[in-house]
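For reference, the chains in residue letters:
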Amino acid sequence: MNEAKSHQIKPDPVTEKNLEASKTPRVRFNPEINLGHILQIIALTGAVITGYVSLQRDMASMRAEYQVAMAGFESRLTVAEHAIVERRQEDREFATEMRGAVVDIQKGLTNLQLQLVERPKTR
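Residues numbered from 1 in each chain as written. Predicted model: local features only at pLDDT ≥ 70, side-chain atom pairs only at ≥ 80, totals over all residues. Heavy atoms only, no water.

(A) Examining the overall build of the chain more closely. What the chain contains, in helices and strands, is 3 helices and 0 strands. Listing every helix and strand of the chain by position from the N terminus yields α-α-α. Per-residue burial over the chain gives 0% buried out of 123 residues. Accessible surface, the chain as shown: approximately 12400 Å² in total, 61% of it carbon and sulfur. (Helix = DSSP H or I, 4+ residues; strand = E, 2+ residues; numbered from the N terminus. Buried < 20%, exposed > 50% of the residue type's maximum accessible area, 1.4 Å probe, protein only. Areas by Shrake-Rupley, 256 points an atom, 1.4 Å probe, with all protein chains shown as cover.)

As structure tokens, this is what we get:
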């Protein structure tokens, strides 16, 4: 048992604290601007501008597709409206013709009634 205890390493509390302190990075602010910083700023600005331009192009193409689709719908709507107007006009013309035909039929029935009424008198 003594051998097992003698082989164990006892950590030194001061050394352990020093290890923990060295593990955490120290952040230091350096006010110098060098070429690397400038290149990063240029790259980020270029990425933002490229993203914006790409978004604008996508929106323009989507707007053009939308306008084409809307033009198709509007043309279909215009054709349907003209068909409805023509159908109404044909219905009005048909109704006018039928009224005239009904009037002619009524006149014919009236004449037929008169003829039927006059026949018995002649017999």
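(B) Quick peek at a negative patch on the surface. Where like charges cluster on the molecular surface, the negative patch consists of Glu 86, Glu 90, Glu 93 and Glu 97. For Glu 93, the location among the structural elements is in helix α3 (residues 35-122). (Patch = residues over 30% accessible without salt bridge, like charges linked within 9 Å, V, L, I, M, F, W, Y side chains within 5 Å. Salt bridge = Lys/Arg side-chain N within 4 Å of Asp/Glu carboxyl O. Lys, Arg positive; Asp, Glu negative; His and termini not counted. Charge placed at Lys NZ, Arg CZ, Asp CG, Glu CD.)

(C) Representation of the pattern of salt bridges within the structure. Going through the model one piece at a time under the given rule, you end up with 1 salt bridge. With its nearest N and O atoms 3.6 Å apart, the salt bridge here joins Asp 91 to Arg 87. With Asp 91 and Arg 87 both in helix α3 and 4 residues apart, the pair spans about one turn of that helix.

(D) Representation of a nonpolar patch on the surface. On the surface, a nonpolar cluster with roughly 540 Å² of combined accessible area is contributed by Ile 33, Leu 35, Ile 38, Leu 39 and Ile 42. Secondary-structure assignment places Ile 33 in the loop between α2 (13-23) and α3. On the basis of relative accessible area, Ile 33 is assigned to the exposed category, the value being 67%.

(E) Geometry of the confidence of the model for the chain. In the predicted model, the chain carries a mean pLDDT of 85, and 79% of its residues have values of at least 70. Per-element averaging of pLDDT across the chain places helix α1 (residues 2-7) at the bottom with 53 and α3 at the top with 94. (pLDDT = per-residue confidence, 0-100.)

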